[in-house]
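Here are the chains, one letter per residue:
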Amino acid sequence: MSAALWTSPGASAPGAFDDADNFRVHDVFAMRATLGRMPVVLDCGDSDPFIRADHAFVDGFTTPPGTQYAPGGHPTDYWRRTAPSLLRFASAHLA
């Protein structure tokens, strides 16, 4: 939900990673092969500051995950509005 993704160590928020090596260790872009073997959905507001990185993340999957792009940004009201559909997605994939 509104994934705060950065495409490079220098683009991340101050303090998000210890250094460039720490960014690479926790790089979700590099984990797409593993993530692609499980149910994944990415939700992001169309005016969210992370929208470009979120699109880049989705575009790198062999089989793209589900997406939900809707009007909005990165505030709580957007998350509250989109939470029900994400909870339905999660509940559909619980054992």
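Attention shifts here to the packing of aromatic side chains. Scanning the entire structure with this criterion turns up five aromatic pairs. A ring pair is formed by Trp 6 and Phe 50, whose centres lie 5.5 Å apart and whose planes are at 85°; its orientation type is edge-to-face. Of this pair, Trp 6 sits in the segment before helix H1 (20-25) while Phe 50 sits in the loop between strand S1 (41-45) and helix H3 (51-59), and the two are 44 residues apart along the sequence. For the pair shown, Trp 6 and Phe 50 are each scored as buried. Consider the rings of Phe 57 and Phe 61, whose centres lie 5.1 Å apart with planes at 90°: the pair is edge-to-face.

Of note, Leu 86 is situated in helix H4 (residues 76-92). Note on Leu 86: relative accessible area 14%, which makes it buried. Sequence separation between Leu 86 and Asp 21 is 65 residues, and the spatial gap between their C-alpha atoms is 32 Å. Sequence-distant contacts of Leu 86, that is, excluding residues within four places in its chain, are made with Met 1, Val 41 and Asp 43.

Turning next to the pattern of salt bridges. Taken as a whole and judged by the stated rule, the model has one salt bridge. Here Asp 21 makes a salt bridge to Arg 24, at a shortest N to O gap of 3.0 Å. Of this pair, Asp 21 and Arg 24 both sit in helix H1, three residues apart, which is roughly one turn of that helix.

Here is what the cut-offs are and how they apply
Residues numbered from 1 in each chain as written. Predicted model: local features only at pLDDT ≥ 70, side-chain atom pairs only at ≥ 80, totals over all residues. Heavy atoms only, no water. Phe/Tyr/Trp six-rings, centres within 6.5 Å; stacked < 30°, edge-to-face > 60°. Helix = DSSP H or I, 4+ residues; strand = E, 2+ residues; numbered from the N terminus. Buried < 20%, exposed > 50% of the residue type's maximum accessible area, 1.4 Å probe, protein only. Contact = heavy atoms within 4.5 Å. Salt bridge = Lys/Arg side-chain N within 4 Å of Asp/Glu carboxyl O.

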